[in-house]
Amino acid sequence: PSLTFEVKHNGKTHTVAVGDTLHVGYGSHPYGSFMYMEFGAGKPLPKEVAGKLAVVTKIQYFKVTNSYRVFIKSGMWRFISDGLEQAIAKREVLGINQFFFE
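Here's what I pulled together on the structure shown here. (Residues numbered from 1 in each chain as written. Predicted model: local features only at pLDDT ≥ 70, side-chain atom pairs only at ≥ 80, totals over all residues. Heavy atoms only, no water.)

1. Here we look at the overall build of the protein chain
Logical step 1: A tally of regular secondary structure across the protein chain gives one helix and 10 strands.
Logical step 2: Ordered by position from N to C terminus, the α and β elements of the protein chain give β-β-β-β-β-β-β-β-α-β-β.
Logical step 3: Against the globule reference of 13 Å for 102 residues, the protein chain gives a C-alpha radius of gyration of 13 Å, in line with a compact fold.
Logical step 4: Within the protein chain, buried positions represent 37% of all 102 residues.
Logical step 5: When the 12 basic and 8 acidic side-chain charges of the protein chain are each reduced to a single mean position, those positions are 5 Å apart. (Helix = DSSP H or I, 4+ residues; strand = E, 2+ residues; numbered from the N terminus. Rg over C-alpha atoms; globule rule 2.2 N^0.38 Å. Buried < 20%, exposed > 50% of the residue type's maximum accessible area, 1.4 Å probe, protein only. Lys, Arg positive; Asp, Glu negative; His and termini not counted. Charge placed at Lys NZ, Arg CZ, Asp CG, Glu CD.)

2. A look at the pairing of strand β1 (residues 5–9)
Logical step 1: The two faces of β1 differ: Phe 5, Val 7 and His 9 on one face are buried, but Glu 6 and Lys 8 on the other face are not.
Logical step 2: The pairing of β1 with strand β2 (residues 12–16) spans five bridges and is antiparallel. Bridge pairing links His 9 to Lys 12 in β2.
Logical step 3: Where β1 folds back on β2, the antiparallel hairpin that results is connected by two residues, among which Asn 10 adopts a positive phi of roughly 50°. (Pairing = 2+ DSSP bridges.)

3. Observations concerning the environment of Arg 78
Logical step 1: Locating Arg 78 in the fold gives a position in strand β8 (residues 77–81).
Logical step 2: Judged by relative accessible area, Arg 78 falls into the exposed class, the value being 57%.
Logical step 3: In this structure the C-alpha to C-alpha distance between Arg 78 and Val 56, which are 22 residues apart in sequence, comes to 9.9 Å.
Logical step 4: Aside from chain neighbours lying at most four places away, what touches Arg 78 is Phe 39, Ile 72 and Lys 73. (Contact = heavy atoms within 4.5 Å.)

4. Brief notes about the pattern of salt bridges
Logical step 1: Within the structure shown, the criterion is met by two salt bridges.
Logical step 2: A salt bridge links Glu 102 to Lys 12, with the nearest nitrogen and oxygen atoms 3.3 Å apart. One end of the pair, Glu 102, is in the segment after β10 (99–100); the other, Lys 12, is in strand β2, and 90 residues separate them in sequence.
Logical step 3: For Glu 102, a relative accessible area of 65% translates into the label exposed.
Logical step 4: The residue Asp 82 makes a salt bridge to Arg 69 at a minimum N-O spacing of 2.7 Å. Remark: Arg 69 occurs in strand β7 (residues 67–74) and Asp 82 occurs in the loop between β8 and α1 (84–89); sequence separation between them is 13 residues. (Salt bridge = Lys/Arg side-chain N within 4 Å of Asp/Glu carboxyl O.)

5. Structural notes on unusual backbone geometry
Logical step 1: A positive phi angle, near 50°, is found at Asn 66, a position not held by glycine.
Logical step 2: Tracing the backbone through its elements, the reader meets Asn 66 in the loop between β6 (53–62) and β7.
Logical step 3: Unusually for a residue other than glycine, Asn 97 sits at a positive phi of about 55°.
Logical step 4: Relative to the helices and strands, Asn 97 resides in the loop between β9 (93–96) and β10.

6. Digging into the packing of aromatic side chains
Logical step 1: Tallied over the entire structure, the rule returns four aromatic pairs.
Logical step 2: Relative to Trp 77, the ring of Phe 39 has its centre 5.3 Å away and its plane inclined at 75°; by these criteria the two rings are edge-to-face. Pair noted here: Phe 39 is in strand β4 (residues 38–39) and Trp 77 is in strand β8, with a separation of 38 residues, a long-range link.
Logical step 3: In this structure Trp 77 comes out as buried when scored by relative accessible area, which is 19%.
Logical step 4: Centre to centre, the rings of Tyr 61 and Tyr 68 are 4.9 Å apart; their planes meet at 45°, and the pair counts as tilted.
Logical step 5: Joined through ring pairs, the aromatic side chains of Phe 5, Tyr 61 and Tyr 68 make up one cluster.
Logical step 6: Taking NZ or CZ as reference, Lys 58 lies 5.3 Å from the ring centre of Phe 71, over its face. (Phe/Tyr/Trp six-rings, centres within 6.5 Å; stacked < 30°, edge-to-face > 60°. Lys NZ or Arg CZ within 6 Å of the ring centre and 35° of its normal.)

So yeah, pure geometry; function would need other evidence.
As structure tokens, this is what we get:
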């Protein structure tokens, strides 16, 4: 079975699974790049991905740190997020599927 996990924001909980669609918001770094989503060797995701839809392609669980890594694809961009809850809190991710965080 595919790995899933829950993210919480403002008292609402949503289960993230492979195949879910993410509504990408805007980067929270001063020049528009993303703080909690990256590609390559720790490079922040550039602002060109803002406002696009992305799909969760894989989820990894790290038992040692009790954390999750989410692999995401949007068009030609393939990127990861080790802090999806933080990305939601900073409005880098606005919603998952038809569920939007306030």
